[in-house]
Every structure is written in structure tokens, then in C-alpha cells.
Amino acid sequence: MAYITATYQLTARDRLEQRAEQLALGLTVGSWTELNHLEQQQLASFKGEVVHTEERDGKGYITIRYPEHNVSRDFSAILTTVFGKLSLDGEIKLTEFLLPDTFTSDFPGAKFGIEGVRSLIGVEDRPLLMSIFKGVVINSKDNSLVGLISSKTMRSYTTIR
């Protein structure tokens, strides 16, 4: 089975392993202990798995892997799975995620790259993502609509005036 792997940075370092397990469950199957044995067996293949925790530079780091069959091959769905509800939590940051080889052929890459997108929308000093991922973003300079992400790839770019 292939996995999407995500690494998170936490400002809190206490109970890191417990927090990691809560995140892995919360972003996939929800509560685990409240499920009976049969339900746990049925959901086991969808459960997120903690693969690494560590304290570094005064912060906690957690790496979780998510089964690829939990999401469609849609970039918005992937981001919602690995970061969606966490993006509103000021204590947790998504620092990295890796797609399995089975996904990479569906995502040949951004047309403009990270620096190009930042330049296009004039944002250099803050994260570009929040909790609800849309295929259209407003350009803050002239209020035009800038399409940055299509449902299949990150290659498309369109300005609509």
C-alpha cells in the first residue's frame, strides 16, 4: 500500500506521541477507542499512522502517513486530508508532505513554481494556504481572479478580468 506522508511542527512539545496519535486518528477515522472490534477491523486500512515524533529546536515534530486510498487524486482533497482542519490551529503547522509515486504522475508540477506564484500574488512573508482550498484565488493587487489550481494538476493559470 502507498502512503501520503505529512510532517507537522507543533509549538507544544509535551505528550508529543499522544498528540501525534490523536492527529493521525482525527484526520482519518476519528475516534478509535469508541469503536468495537469489528468496526476497528473494518476501518484499520483507512487509519493514519504515526511514523515519527521528535523534539528539535524547542518545537515538536510529528510525521504521519495516510493511506493513498483515503483521498482522490485531487490536490484540494489531499490538502484537506493532511491539513484542512489543522490550518485553523495556530499551534500546528504543516511543514512538508510527500506524495507516493502512484500519485506523482497525476501532478506534473506547478507552471510557475512557489516563487512564481508568490510573485504573481505579491505575497512573500506568510503562508499561502488556509483551511478551505479553492481552485480560484483573488489577486490582491487588482482584484482579478487568478486560477492557480485545477482539479487534476497544478499546471493551469488563468487571469479573468
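I will try to describe carefully the structure that is included in this document. (Residues numbered from 1 in each chain as written. Predicted model: local features only at pLDDT ≥ 70, side-chain atom pairs only at ≥ 80, totals over all residues. Heavy atoms only, no water.)

Turning next to the packing of aromatic side chains. Tallied over the full model, the rule gives 1 aromatic pair. On the basis of an interplanar angle of 40 degrees and a centroid distance of 6.1 Å, the ring pair of Phe75 and Phe97 is categorised as tilted. Taken together, the positions of Phe75 in helix H3 (residues 75-83) and Phe97 in strand E4 (residues 92-98) put the pair 22 residues apart, joining distant regions of the chain. A relative accessible area of 12% places Phe75 in the buried class. For Phe97, a relative accessible area of 23% corresponds to the partly exposed category. (Phe/Tyr/Trp six-rings, centres within 6.5 Å; stacked < 30°, edge-to-face > 60°. Helix = DSSP H or I, 4+ residues; strand = E, 2+ residues; numbered from the N terminus. Buried < 20%, exposed > 50% of the residue type's maximum accessible area, 1.4 Å probe, protein only.)

The next point concerns the sheet that holds strand E1 (residues 3-10). In spatial order, the strands read E2-E3-E1-E4; together these 4 strands make up an open sheet with antiparallel pairing. Of all the strands in the sheet, just strand E2 (49-56) and E4 have a single pairing partner and so form its edges. Adjacent strand axes in the sheet meet at a mean angle of 20 degrees, parallel and antiparallel pairs treated alike. Note that E1 and E4 share 6 bridges and pair antiparallel. Bridge pairing links Thr7 to Glu96 in E4. With respect to the sheet, H3 is in contact with E1, strand E3 (59-67) and E4, its orientation differing from that of E4 by roughly 130 degrees. (Pairing = 2+ DSSP bridges. Axes fitted to C-alpha atoms, helices over the stretch in contact; angles between N-to-C directions. Contact = heavy atoms within 4.5 Å.)

Using the criterion set out here, one finds 8 salt bridges in the structure. In this structure, Asp14 engages Arg19 in a salt bridge whose closest nitrogen and oxygen atoms are separated by 3.2 Å. On the basis of relative accessible area, Asp14 is assigned to the partly exposed category, the value being 41%. (Salt bridge = Lys/Arg side-chain N within 4 Å of Asp/Glu carboxyl O.)

Of note in this structure, Arg15 is not a glycine but carries a positive phi near 50 degrees. Looking at the element boundaries, Arg15 is found in the loop between E1 and helix H1 (16-26). Positive phi values are uncommon outside glycine, yet Asp57 reaches one of about 55 degrees. Positionally, Asp57 belongs in the loop between E2 and E3. On the basis of relative accessible area, Asp57 is assigned to the exposed category, the value being 69%.

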